[in-house]
Amino acid sequence: KSKILFPKAIFTNNLLTGESVKCDTRKLSDLENIFLDKEAFRNMDLQQTVYNVNSLLPVKENTPGGLFFGITTIYPGKVGNEFFMTKGHFHSNLDTAEFYWGVEGEGMLIMMDMDRNVWAERMFPGSLHYIPGKVAHRVANTGYRKLVFSACWPSDAGHDYKSIAKDDFAMRLIEKNGVPVLIK
Ligand code: F6R
Ligand code: ZN
């Protein structure tokens with residue numbers, strides 16, 4: 001009765017391949033309200049990819065008890081003095097946590113709790129980050145190469161992008177005198 005099966009997916013060379021793998025691409029044109037410097041934004045190639053997410057969804061969205069796995073690649077770049085970054089979100093199911101871990105390149109994980117306190121953790125190959133429930137999360141690529149990180153989150157977490165679109169993060173990560181700093 002025993003069977004030997006091929007794995008659900010293969011994660012190699014920062015790419016995920018397999019049956020229930022999907023890939024989403026976020027171009028600069030999808031991120032109009034994310035960046036502060038509107039003038040700089042207008043003068044950029046809006047068709048360029050800022051990041052993509054390769055994810056393995058072995059169960060249906062909202063399944064209690066299941067897990068999702070994703071790999072995000074953020075390309076290097078800035079809009080004005082602000083680093084290329086993800087939209088960022090709270091989970092719709094607020095109590096759900098998530099793991100992020102750095103695979104390649106350098107970046108910063110920016111987190112914000114429900115009282116709008118903001119803090120950040122450096123990301124680098126091997127860095128491991130626990131994002132508690134009720135904490136919004138966004139990642140910026142602060143380096144000159146691709147930033148690749150992986151994530152694992154509950155399949156019933158859901159994504160709430162609206163709160164961030166409406167109220168934003170309380171602080172932003174910009175480059176000042178060659179180093180990343182959080183500003184109000
Ligand atoms: C899943 C998760 C990541 C992000 C991805 C892109 O809960 O946090 O897989 O979805 O890094 O960022 P967003 O979703 O903020 O555009
Ligand atoms: Zn998340």
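Now for a look at the structure at hand. As the structure is a computational prediction, the values presented were derived from the model and not from experiment.

**Remarks on the side chain of Ser 155**
So, point 1. With respect to the element layout, Ser 155 can be found in the loop between β13 (147-154) and α2 (162-167).
So, point 2. Within the structure, Ser 155 has its side chain in polar contact with the backbone oxygen of Thr 63 (distance 2.7 Å).
So, point 3. Setting aside chain neighbours within four positions, we find Ser 155 in contact with Val 59, Lys 60, Glu 61, Asn 62, Thr 63, Gly 65, Gly 66, Leu 67 and Phe 68.

**Examining a nonpolar patch on the surface**
So, point 1. A cluster of nonpolar side chains, Phe 99, Leu 128 and Tyr 130, forms an exposed patch at the surface whose accessible area comes to about 330 Å².
So, point 2. Along the chain, Leu 128 falls in strand β11 (residues 128-131).
So, point 3. Assessed through its relative accessible area of 57%, Leu 128 is described here as exposed.

**Considerations on the site of ligand 1**
So, point 1. Near ligand 1 lie 15 residues; those nearest to it are Tyr 51, Thr 72, Tyr 100, His 159 and Tyr 161.
So, point 2. In this structure, an oxygen atom belonging to ligand 1 sits 2.8 Å away from a side-chain N or O atom of Thr 72.
So, point 3. Interatomic distance of 2.5 Å between a side-chain N/O atom of Tyr 161 and an oxygen atom of ligand 1.
So, point 4. For ligand 1, the accessible surface in isolation is 400 Å², of which the surrounding protein chains cover 97%.

**Some points on empty space enclosed by the protein**
In this approach the atoms are scanned with a rolling probe the size of a water molecule, which exposes any empty space left behind.
So, point 1. For the coordinates displayed, the defined rule picks out one cavity of 30 Å³ or more.
So, point 2. Taken as a whole, the largest cavity spans an internal volume of roughly 30 Å³.
So, point 3. Classifying every residue of the lining of the largest cavity gives five nonpolar, four polar and two charged.

Quick notes on the rules
- Residues numbered from 1 in each chain as written.
- Chains lettered and ligands numbered in written order.
- Predicted model: local features only at pLDDT ≥ 70, side-chain atom pairs only at ≥ 80, totals over all residues.
- Heavy atoms only, no water.
- Helix = DSSP H or I, 4+ residues; strand = E, 2+ residues; numbered from the N terminus.
- Polar contact = N/O pair within 3.5 Å; in protein donor to acceptor, adjacent residues only side chain to side chain.
- Contact = heavy atoms within 4.5 Å.
- Patch = residues over 30% accessible without salt bridge, like charges linked within 9 Å, V, L, I, M, F, W, Y side chains within 5 Å.
- Areas by Shrake-Rupley, 256 points an atom, 1.4 Å probe, with all protein chains shown as cover.
- Salt bridge = Lys/Arg side-chain N within 4 Å of Asp/Glu carboxyl O.
- Buried < 20%, exposed > 50% of the residue type's maximum accessible area, 1.4 Å probe, protein only.
- Near = heavy atom within 4 Å.
- 1 Å grid on protein atoms, 1.4 Å probe; cavity = no way out; pocket = protein on both sides within 12 Å on 5 of 7 lines; lining within 4 Å.
- Points joined across faces, edges and corners; volume = space filled by probe spheres on them.
- Nonpolar A, V, L, I, M, F, W, Y, C, P; charged D, E, K, R; others polar.

The analysis is restricted to geometry; functional conclusions fall outside its scope.
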